[in-house]
Amino acid sequence: MNGILIIAHAPLASALRQCVLHVFPDNPAGVMALDVQPNMPPEETLAQARIVFRQLGTSHALVLADVFGATPCNVAQKLVDGVRSKLITGVNLPMLLRTVSYRHEPLDALVARAVLGGTQGVMQVAITAPQNQARRNHDKEQHDHQQ
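For every chain, the first residue of the written sequence is number 1, and numbering continues from 1 onward in sequence order. Local features in a predicted model are, by the rule used here, given only for residues with pLDDT of at least 70; side-chain atom pairs are given and counted only at 80 or more, and totals for whole chains, interfaces and linings are based on all residues. Excluded from the side-chain calculation are hydrogens and water; included are all heavy atoms of the structure.

## What about the sheet that holds strand β4 (residues 85-89)?
A pair of strands is labelled paired if DSSP reports no fewer than 2 bridges between them. Each helix is a run of H or I in the DSSP string that is no shorter than four residues. Each strand is a run of E no shorter than two, and both are numbered from the N terminus. The four strands are arranged β2-β1-β3-β4 in an open sheet whose pairing can be described as parallel. Edge positions in the sheet fall to β2 (31-36) and β4, since each has one partner strand and no second. Here the average twist between neighbouring strands, direction ignored, is 20 degrees. Pairing between strand β1 (residues 3-9) and β2: six bridges, direction parallel. Note that in β2 the partner of I7 across the bridge is L34. Residues are treated as being in contact if the distance between any of their heavy atoms lies within 4.5 Å. To define axes, lines are fitted to C-alpha atoms, for helices over the stretch in contact only, and angles between the resulting N-to-C directions are given on a 0 to 180 degree scale. Contacting β1, β2, β3 (61-65) and β4, helix α2 (residues 42-55) crosses the sheet at an angle of about 170 degrees to β2. Sheet strands touched by helix α5 (residues 107-120): β3 and β4. Its angle to β4, the strand with the most contacts, is close to 10 degrees.

Structure representation (structure tokens):
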């Protein structure tokens, strides 16, 4: 089973973890969070990250950071080895829920599912459902078209 570590600007990491535990309350130790505090030196953040990473107690882990190039991501890059642990940035709740759902899969498959879940979870939503839209003038028989 893969461990999951969220590293993000405070309080995002803890908030995302709490959302996950709301949906998946059974394994809180498998998902850890590290909130990066403002003005904390990166070396101190890395030391904390190593402690939290070890607390996962798994041989394989996926680390999720919020913004590429920011301190959480930079710390995470020093934490992962690219083989037994991998890093994805741009963490969002759909990505995290997908990750927890499939954390039993091999790490490379988990990375693919996480990225797909994160991108598929971002969409523009119409303000009206198709069945509530006005009839089109070219529809002479006045049929409602639903998609």
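From this point, things continue past the structure.
## Things to note about the side chain of T99
On the secondary structure map, T99 appears in helix α4 (residues 93-101). Each residue is placed in one exposure class: buried if its accessible area under a 1.4 Å probe, protein chains only, is under 20% of its type's maximum, exposed if it is over 50%, and partly exposed if it falls in between. Assessed through its relative accessible area of 0%, T99 is described here as buried. Setting aside chain neighbours within four positions, we find T99 in contact with I4, L62, L64, L110 and A114.

## Description of the packing of α4 against α5
Following both chains from N to C, one finds α4 and α5 inclined at 145 degrees, their axes separated by 7 Å at the closest point. Note that α4 runs across α5; the crossing there is right-handed. Contacts between α4 and α5 pair P94, M95, R98 and T99 from the former with L110, R113, A114, L116, G117, G118 and Q120 from the latter. In terms of residue class, the contact of α4 with α5 is made up of five nonpolar, four polar and two charged. By definition, turning the near helix anticlockwise from the far helix through less than a right angle yields a left-handed crossing, and turning it clockwise yields a right-handed one. Side-chain classes are defined by residue name, with Ala, Val, Leu, Ile, Met, Phe, Trp, Tyr, Cys and Pro counting as nonpolar, Asp, Glu, Lys and Arg as charged, and the others, Gly among them, as polar.

By themselves, these are just geometric observations and shouldn't be taken as functional.
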